[in-house]
Amino acid sequence: MTAARPMPHGFVWKPIHIILIVAFFQVLITLLTDGFALSFDEAMWHYIGRNWFRHGLTPYSGGVDNKSPLIFAIFGFSDWLLGVNYWFPRLLGTVIQSVGIYYLYLVALKLAGRRAGMITIVLYGLSLLWRSTDGKLVSLTETYAITFIILAFYLFLYGKNQKGYFLSGLISAMALGFRLSAGFGIAAIFFWALKQGGKKPIFSFCLGLMAGCLLLAGLARISGISTNQFISYAFLDNFGAGSATDHSVLSRLEGLVNGFFYSELLLFLPGVLACFLIKKKSALPGIWFICEFIGLNIIGIYARAHFKNLLPSMSLMNAIAITYLIDEYKIPIKPVMIILWISFFPKLLEPLVNLKKLLLPPSVRSSAFIPDDYAKKQMGLWIKAHTGPNEKVLVAGFGAIVQAYSERISPSIYFNATQTKMAKERFFSEVRRQEPAMVLVPASANYQAEVQPDVRDFVDSLVSKDYEFENSLNGYRIYGINKGK
């Protein structure tokens, strides 16, 4: 008589299973949005990165944006490897983001156990996909900076010697290299370590941070990037009239209310408040949340992607609070997880809408409509087909997407309508000095509302004197230089 075959064990969910599911939805969302084209930010970084890798024009000499050379290098490498594309940086961002999800699980595991870790994966992973956190744009600098901050927290939390604390500081410097706003997450590590009362860990952490910053500065110097230009364009350009942070108090308040309280982020609020009452386990995530929330309001732009900085700490706080309730009231974990999946799952229709564009691409249009990202991509490809490789092209207004797909260089490092006093003066000077072969002027009312009058007047004066009207396509009036002038 044969022995009875043992019954198979039930399926056990592991962290990697949930992370892979989240990554699948992330890829689905990010590749089926924005009209199968680079977004505005991605186009800026691709343009600067391409000029760097393809033409030897270092950042801030071949194009200006207030970001770090690290993100330009990623997009420059993408262009060198595959040409103009939007999918490689987003797939790479998905991988980096998935690493961050896993290490946040390990942080939760250390603080409150495996159950809290699994809940953290669900909360953090799904909230990264929301429209209110710009989930479709996983290639943004926030993805890299936040992942490195999570790694720094992990290394500090699990660090048993000075080497671990030093590595935490070193990784923190990498986060700072992608975004200066990562300093608020770094401050959270510092204040939490200070609360623990360890002077030696803090010293080793700060030593690693300084070493990392010196390493990044050295790499920038070797690459030919000017320190003065970095300070001027990546830091000082963020402040003052016409800069990205130039918003009134009322505008800031509206941005906070609309971005947090009128979005899915409100789902986190009960757990955040509850976690502060569980004093034993709330110190680390609580300090992290407070520092990031202060940073969000100091910057005051309230872009959707900026709210991503709150997600790791809020996910930890909610996981701790939910785990406490489960343990206290003996609640079964399965229905709780089902409710969390339903509540936090992204509600996005854009991927479905964009499938129509894939199956039925829209034709080139000549009316003065507001072009979407796909139309701007088509406009850039049209320019590429109608200009020579060495001819310069000026796209007035916020035309980074057109500029990137045209594969033509702008006559000014300010290829996009940065409107600080310093930017405008240099833009006027450079365009006068080397007039482009083609000028594109947006025909929509948005151009009149978004671009300052003196910039518009300069462009109008330029085309009226030295250019001839040629065509009107995809929401742009196209002017070619008068060769007989």
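Residues numbered from 1 in each chain as written. Predicted model: local features only at pLDDT ≥ 70, side-chain atom pairs only at ≥ 80, totals over all residues. Heavy atoms only, no water.

Hydrogen bonds along the backbone pair up the strands of a sheet, which may run parallel or antiparallel. Here 4 strands make up an open sheet; going across it, the order is β1-β2-β4-β3 and the pairing mixed. The open sheet is flanked by β1 (393-395) and β3 (467-473), the only strands paired with a single partner. Taking each pair of neighbouring strands and ignoring which way they run, the sheet shows an average axis angle of 20 degrees. Looking at chain direction, β3 and strand β4 (residues 476-481) are connected through 6 bridges and run antiparallel. Its bridge partner being in β4, S472 is matched across the sheet by R477. (Pairing = 2+ DSSP bridges. Helix = DSSP H or I, 4+ residues; strand = E, 2+ residues; numbered from the N terminus. Axes fitted to C-alpha atoms, helices over the stretch in contact; angles between N-to-C directions.)

On to the nonpolar core, then. Within the largest apolar cluster, 125 residues are counted, with the highest numbers of intra-cluster contacts made by F268, W288, M314, L340 and V439. With 12 residues, the single largest contributor to this core is helix α6 (residues 141-158). If sequence neighbours within four positions are ignored, L340 has contacts with I119, V122, L123, L126, I322 and F345. Residues V393, V395, V402 and I478 belong to the second largest nonpolar core, which totals 11 residues. (Core = buried A, V, L, I, M, F, W, Y, C linked by side-chain atoms within 4.5 Å. Buried < 20%, exposed > 50% of the residue type's maximum accessible area, 1.4 Å probe, protein only. Contact = heavy atoms within 4.5 Å.)

What follows deals with the packing of helix α8 (residues 183-196) against helix α9 (residues 199-222). Their axes nearest at 10 Å, the elements α8 and α9 cross at an angle of 160 degrees. Relative to α9, the element α8 lies roughly antiparallel. Remark: the crossing between α8 and α9 carries left-handed chirality. In this structure, α8 uses I186, I189, F190, A193 and L194 to contact α9, whose residues at the interface are I202, F205, C206 and L209. Among the residues making up the contact of α8 with α9, the classes are represented as 9 nonpolar, no polar and no charged. (Parallel < 35°, antiparallel > 145°, perpendicular 65-115°, else oblique. Left-handed = near helix turned anticlockwise from the far one by under 90°. Nonpolar A, V, L, I, M, F, W, Y, C, P; charged D, E, K, R; others polar.)

By the definition in use, this model includes 8 salt bridges. Here R54 ties to D79 by a salt bridge, and the two come within 2.9 Å at their closest N and O atoms. Placement of R54 in helix α2 (residues 40-55) and of D79 in helix α3 (residues 69-82) is noted, with a sequence separation of 25 residues between them. Residue class for R54 comes out partly exposed when judged on its relative accessible area of 39%. Residue D327 is joined to R115 by a salt bridge in which the shortest nitrogen-to-oxygen separation is 2.9 Å. (Salt bridge = Lys/Arg side-chain N within 4 Å of Asp/Glu carboxyl O.)

Moving on, we come to helix α19 (residues 421-433). Spacing of three or four residues puts side chains on the same side of an α-helix, whose turn is 3.6 residues. Here α19 spans 19 Å end to end across 13 residues, near enough to the 18 Å set by a 1.5 Å rise per residue. Along α19, the residues classified as buried are A423, K424, F427, F428, E430 and V431. The secondary structure elements touched by the buried residues of α19 are β1 and α21 (453-466). (Expected span 1.5 Å × (residues − 1).)

Tallied over the entire structure, the rule returns 4 cavities of 30 Å³ or more. As a volume, the largest cavity reaches approximately 120 Å³. Looking at the largest cavity, it is lined by 15 residues, and the ones nearest its centre are Y414, N416, A417, F427 and V455. Put simply, the parts of the chain that give the lining of the largest cavity at least two residues each are β1, α19 and α21. Of the residues forming the lining of the largest cavity, the biggest block, 3 residues, is contributed by α19. (1 Å grid on protein atoms, 1.4 Å probe; cavity = no way out; pocket = protein on both sides within 12 Å on 5 of 7 lines; lining within 4 Å. Points joined across faces, edges and corners; volume = space filled by probe spheres on them.)

Before going further, it helps to spend a moment on the layout of surface pockets. Computed from the structure, the second largest pocket encloses a volume of approximately 540 Å³. Lining of the second largest pocket is provided by 19 residues; of these, P69, L216, A217, A220 and F230 occupy positions nearest its centre. Ranked by the residues each element gives to the lining of the second largest pocket, the list is headed by α9, at 5 residues. When its residues are assigned to classes, the lining of the second largest pocket shows 14 nonpolar, 5 polar and no charged.

Here helix α4 (residues 87-112) spans 37 Å end to end across 26 residues, near enough to the 38 Å set by a 1.5 Å rise per residue. Phi turns positive one or two residues past the end of α4, at G113, with a value near 95 degrees.

Moving on, we get to unusual backbone geometry. Even without being a glycine, D134 presents a positive backbone phi close to 55 degrees. With respect to the helices and strands, the residue D134 is situated in the loop between α5 (114-127) and α6. A positive phi is found at Y302, a non-glycine position, where the angle reads about 60 degrees.

Nonpolar side chains collect at one region of the surface, where F53, F77, W80, L81, L82 and W87 lie side by side and expose about 610 Å² of accessible area between them. Within the secondary structure, W80 sits in helix α3. Under the relative-accessibility criterion, W80 is labelled exposed at 59%. (Patch = residues over 30% accessible without salt bridge, like charges linked within 9 Å, V, L, I, M, F, W, Y side chains within 5 Å. Areas by Shrake-Rupley, 256 points an atom, 1.4 Å probe, with all protein chains shown as cover.)

Here strand β2 (residues 438-442) runs beside β4; their pairing, made up of 5 bridges, is antiparallel. Looking at β4, one finds that M438 is bridged to G480.

Bringing the state of the cysteines into the picture now. The final tally for this structure, using the stated rule, is 0 disulfides. In this structure C206 is a free cysteine whose sulfur lies 11 Å from that of C213, the closest cysteine sulfur available. On the basis of relative accessibility, which here comes to 26%, the residue C206 falls in the partly exposed class. (Disulfide = S-S within 2.5 Å.)

Attention shifts here to the confidence of the model for the protein. Mean pLDDT over the protein works out to 90, with 91% of the residues at or above the 70 mark. Residue range residues 1-8 is modelled with pLDDT below 50. Its contacts to residues more than four positions away, or to other chains, number 0 contacts. (pLDDT = per-residue confidence, 0-100.)

Further remarks concern the packing of aromatic side chains. Throughout the structure, instances matching the rule amount to 31 aromatic pairs. When the ring of F153 is compared with that of W288, the centres are 4.0 Å apart and the planes differ by 25 degrees; the resulting orientation is stacked. Taken as a pair, F153 in helix α6 and W288 in helix α13 (residues 279-299) lie far apart in primary sequence, 135 residues in all. With respect to burial, F153 and W288 carry one shared label: buried. Site record: aromatic cluster; members linked through ring pairs are Y102, Y103, Y105, Y154 and Y158. Lying over the aromatic face of Y158, K110 brings its terminal NZ or CZ to 5.0 Å of the ring centre. (Phe/Tyr/Trp six-rings, centres within 6.5 Å; stacked < 30°, edge-to-face > 60°. Lys NZ or Arg CZ within 6 Å of the ring centre and 35° of its normal.)

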